[in-house]
Amino acid sequence: MPNIQQTKITEILNNIAMSCRMEGLEMTDEIRAMCLAIYNGSTTLQDCLHKINEKYL
C-alpha cells in the first residue's frame, strides 16, 4: 500500500495533468519528472523553465 505522501504527490501531478489537458496541452513524462525533481528539491523551477525554454528558442 502506498504511503500518504506518495498518494498526495500522485494526486497533485494528476491534477496538473488535467489542468494541462484543459488548456489543450499534454503533460509529458519529461515534465512530470521535472515536477518530481522540483518537489524532491533536486532542481529548481527556474532551472526547469530554462530547460523547457531552450527547446523553443
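Relevant structure appears above.
All figures in this text were calculated on a predicted structure; none of them were measured in a lab.

Rules behind the numbers
Residues numbered from 1 in each chain as written. Predicted model: local features only at pLDDT ≥ 70, side-chain atom pairs only at ≥ 80, totals over all residues. Heavy atoms only, no water. Helix = DSSP H or I, 4+ residues; strand = E, 2+ residues; numbered from the N terminus. Buried < 20%, exposed > 50% of the residue type's maximum accessible area, 1.4 Å probe, protein only. Areas by Shrake-Rupley, 256 points an atom, 1.4 Å probe, with all protein chains shown as cover. Lys, Arg positive; Asp, Glu negative; His and termini not counted. Charge placed at Lys NZ, Arg CZ, Asp CG, Glu CD. Expected span 1.5 Å × (residues − 1). Disulfide = S-S within 2.5 Å.

The subject of this paragraph is the overall build of the protein. Counting its regular elements, the protein contains three helices and zero strands. Counting from the amino terminus, helix and strand elements in the protein follow one another as α-α-α. Dimensions along the principal axes, computed over C-alpha positions, put the protein at roughly 45 × 30 × 15 Å. Split into buried and exposed, the 57 residues of the protein put 14% on the buried side. Total accessible area computed for the protein in this model is approximately 4900 Å², and 58% of it derives from carbon and sulfur atoms. Within the protein, the 7 negative side-chain charges are centred at a point lying 5 Å from the centre of the 5 positive side-chain charges.

To continue, consider helix α2 (residues 29-40). Turn by turn, an α-helix covers 3.6 residues, leaving residues three or four places apart pointing in a common direction. Across its twelve residues, α2 extends 16 Å between first and last C-alpha, which sits within 8% of the 16 Å expected from 1.5 Å per residue. Phi turns positive one or two residues past the end of α2, at Gly41, with a value near 85°.

Before going further, it helps to spend a moment on the state of the cysteines. Applying the stated criterion to the full structure yields zero disulfides. Looking at Cys20, it has no disulfide partner, and the nearest cysteine sulfur is the one in Cys35, 7.8 Å off. Left without a disulfide partner, Cys48 is nearest to the cysteine sulfur of Cys35, which lies 7.7 Å away.

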